Amino acid sequence: MFARGGRATVPTVLLAGAFGQGNPGDESVLHAFLDALDGCDIYATTRGRQRTCGAGFRRVPSDDRMAVARAALEADLVIVTATVFKTLHPSTNRHPHALLLNTLALTAAARAVGKPAIFAGVGAGTLEDTRARLLARSIVSLAGPVYLRDAESAEVLRDAGVNRPLTVCSDVVWQTMNVRTTGSDRSGGKVVAALSHLVGGPALTRSLAETLRQLRHEGFEVVVQPWQPGHDDRMAAELVSMIGRPIEIWEPPQNVAQAVGQLAAARTVIGLRYHALVAAASAGVSFVGVAHEPKQVAVARRLNQVSVTPDVTTRELLNAARRALVSPAPPQRMIDMERRLANRLLGDVRELAFLRYQ
């Protein structure tokens, strides 16, 4: 791995993201970058051992600042990815600004040693207060190129006072969606609710339960799928108790590609998870996005699908689901466009890694 003098014989990259937490979307982001950076020596930040699969990288505990700093010093290129511009949900048991503060520390450290971090396929969520917006501005001011997942995230940063150039591209997970299925028979099939405990609270859970109960009464099979182990499992159990059996519960997918195969059996998807919407589209299935962050709004807009807000009433959610049941799935040309944008971004990242190494 190393030539004389201790210099690596290939580019060294630190990939900073929300890996190792059992989220299939984040795990798919990791593997999209691993594929694109084949031939590089890669460090990746992880926050646990849960369901972080595969090889080809060295794990760096994301809560060990010294370990992250050492990896950044050794790297030729620092890449930050995922939804980093947001305050954290209380269920994380972390300070609301912890993600922003950690990202700022990493970005400042990379800048200090002359290797500004690039932000690749990142998104913006909710910046709930003045300090969060200040931290976001500070991060972007110190960053290298910023490639955002969608125009809605760019608008969040503009509203926070960011005034530097931002590039809008796509989510790198689209690169992993190599084969599109045709979806299920549109005359029947399942309605799948892809769950997230981060969205809505008790009112949304009640609206979702009533909607699924009514759709089952109308003859559809109803499925609930926790998207991430833990809190989502508890949400699934609560829904089942509210709806009543029979109801099918699927295991969480290990990655988005696996979810595509599962969701191909659906007639439509009610998605509280962003990457569940990506999976539904790739499976050739229409969806309703419950949009608690800009990314859900963006993917529904870009793919001509239905979206609602987390404060949706039962009547509104049921009507949205009925619309999705009779609406076409995202056209193939739109899926192809997302894939091209993702591949272009990953190609730029690979080129930057080798340029920094020279």
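A brief structural summary. (Residues numbered from 1 in each chain as written. Predicted model: local features only at pLDDT ≥ 70, side-chain atom pairs only at ≥ 80, totals over all residues. Heavy atoms only, no water.)

**So, the overall build of the protein chain**
Then, number 1: When you go through the protein chain residue by residue, the secondary structure sums to twelve helices and 13 strands.
Then, number 2: Its C-alpha atoms give the protein chain principal-axis dimensions of roughly 70 × 40 × 35 Å.
Then, number 3: Taken over 358 residues, the protein chain has a buried fraction of 55%.
Then, number 4: If you take every contact in the protein chain between residues at least 6 apart in sequence, the share linking residues at least 24 apart comes to 72%.
Then, number 5: With an accessible surface of roughly 14800 Å², the protein chain has 52% of that area assigned to carbon and sulfur atoms.
Then, number 6: If the 41 positive side-chain charges of the protein chain are averaged to one point and the 32 negative ones to another, these points end up 3 Å apart. (Helix = DSSP H or I, 4+ residues; strand = E, 2+ residues; numbered from the N terminus. Buried < 20%, exposed > 50% of the residue type's maximum accessible area, 1.4 Å probe, protein only. Contact = heavy atoms within 4.5 Å. Areas by Shrake-Rupley, 256 points an atom, 1.4 Å probe, with all protein chains shown as cover. Lys, Arg positive; Asp, Glu negative; His and termini not counted. Charge placed at Lys NZ, Arg CZ, Asp CG, Glu CD.)

**Things to note about the nonpolar core**
Nonpolar side chains in soluble globular proteins tend to be buried together.
Then, number 1: Counting 56 residues, the largest nonpolar core has Phe33, Ile79, Trp174 and Phe287 as the members making the most contacts within it.
Then, number 2: Counting residues in each nonpolar core, the second largest holds 36 residues, with Leu127, Ala132, Ile139 and Val140 among its members. (Core = buried A, V, L, I, M, F, W, Y, C linked by side-chain atoms within 4.5 Å.)

**Re the environment of cysteine 169**
Then, number 1: By the element assignment, cysteine 169 lies in the loop between strand S7 (167-168) and strand S8 (190-195).
Then, number 2: For the pair cysteine 169 and glutamine 228, spaced 59 residues apart in sequence, the C-alpha to C-alpha distance is 26 Å.
Then, number 3: Excluding its chain neighbours within four sequence positions, the residues that come into contact with cysteine 169 are Tyr147, Leu148, Arg149, Arg302, Leu341 and Leu345.

**Some details on unusual backbone geometry**
Then, number 1: Between arginine 245 and the following residue, proline 246, the backbone shows a cis peptide bond with an omega angle of 10°.
Then, number 2: With respect to the secondary-structure elements, proline 246 resides in the loop between helix H7 (231-243) and strand S10 (248-249).
Then, number 3: One non-glycine residue, alanine 82, lies in the positive phi region at around 80°.
Then, number 4: Mapped onto the fold, alanine 82 is located in strand S4 (residues 77-85).
Then, number 5: Accessibility expressed as a relative area gives 8% for alanine 82, which makes it buried.
Then, number 6: A positive phi angle, close to 60°, is found at asparagine 93, a residue other than glycine.
Then, number 7: In this structure, asparagine 93 sits in the loop between S4 and helix H3 (98-112).

**Examining the sheet that holds strand S11 (residues 266-271)**
Then, number 1: On the basis of which strands lie adjacent, the open sheet formed by six strands has the order S10-S9-S8-S11-S12-S13 and parallel pairing. Pairing within the sheet leaves two strands with one partner each, and these edge strands are S10 and strand S13 (306-308).
Then, number 2: As defined by bridge partners, S11 adjoins strand S12 (residues 286-290) across four bridges and the pair is classed as parallel. Across the sheet, residue threonine 268 finds its bridge partner in S12, namely serine 286. (Pairing = 2+ DSSP bridges.)

**Some details on the environment of glycine 200**
Then, number 1: Take glycine 200: it is sitting in the loop between S8 and helix H6 (202-217).
Then, number 2: Sequence separation between glycine 200 and proline 310 is 110 residues; the distance between their C-alpha atoms is 4.9 Å.

**Overview of the packing of helix H8 (residues 256-263) against helix H9 (residues 274-282)**
Then, number 1: Closest axis-to-axis distance for the H8/H9 pair is 8 Å, and the angle between their directions is 55°. Judged on the interaxial angle alone, H9 and H8 are oblique. Between H8 and H9 lies a crossing of right-handed hand. Two secondary-structure elements touch here, H8 through Val256, Ala259, Val260 and Leu263 and H9 through His275, Ala276, Ala279, Ala280 and Ser282.
Then, number 2: The residue makeup of the contact of H8 with H9, split by class, is seven nonpolar, two polar and no charged. (Axes fitted to C-alpha atoms, helices over the stretch in contact; angles between N-to-C directions. Parallel < 35°, antiparallel > 145°, perpendicular 65-115°, else oblique. Left-handed = near helix turned anticlockwise from the far one by under 90°. Nonpolar A, V, L, I, M, F, W, Y, C, P; charged D, E, K, R; others polar.)

**Description of the pattern of salt bridges**
Then, number 1: One pass over the full model with this rule turns up eleven salt bridges.
Then, number 2: Among the ionic contacts, a cluster of salt bridges with common partners joins Lys190, Glu221 and Glu248. (Salt bridge = Lys/Arg side-chain N within 4 Å of Asp/Glu carboxyl O.)

**Digging into the pairing of strand S5 (residues 118-124)**
Remark: a regular strand shows side chains that alternate across the two faces of the sheet.
Then, number 1: Here S5 lies mainly inside the structure; seven of its seven residues are buried.
Then, number 2: In this region the chain leaves S4, passes through H3 and returns to the parallel neighbour S5; the handedness of that crossover is right-handed.
Then, number 3: Following the backbone out of S5, through helix H4 (residues 130-142) and into the adjacent parallel strand S6 (residues 146-148), one traces a crossover that is right-handed. (Right-handed = clockwise from strand over helix to strand, strands pointing away.)

**Some points on the state of the cysteines**
Then, number 1: A complete count under the given rule lists zero disulfides for this structure.
Then, number 2: Cysteine 169 provides the cysteine sulfur closest to cysteine 40, a residue in no disulfide bond, and the two sulfurs are 19 Å apart.
Then, number 3: Overall, cysteine 40 belongs to the buried group, its relative accessible area being 12%.
Then, number 4: Using a relative accessible area of 6% as the deciding quantity, one classes cysteine 169 as buried. (Disulfide = S-S within 2.5 Å.)

**Things to note about helix H11 (residues 314-326)**
Then, number 1: Relative to the 18 Å expected for 13 residues at 1.5 Å per residue, H11 spans 19 Å between its end C-alpha atoms, a close match to the ideal helical length.
Then, number 2: By the burial criterion, the buried members of H11 are Leu317, Leu318, Ala320, Ala321, Ala324 and Leu325. Buried residues of H11 fall within an arc of 160° about the axis and therefore sit on the same side. Across from the buried face of H11, at angles greater than 90 degrees, the exposed residues are Arg315, Arg323 and Val326.
Then, number 3: Looking at the packing, one finds that the buried side of H11 touches S8, H6, S11, S12 and S13. (Expected span 1.5 Å × (residues − 1). Arc of directions from axis to C-beta.)

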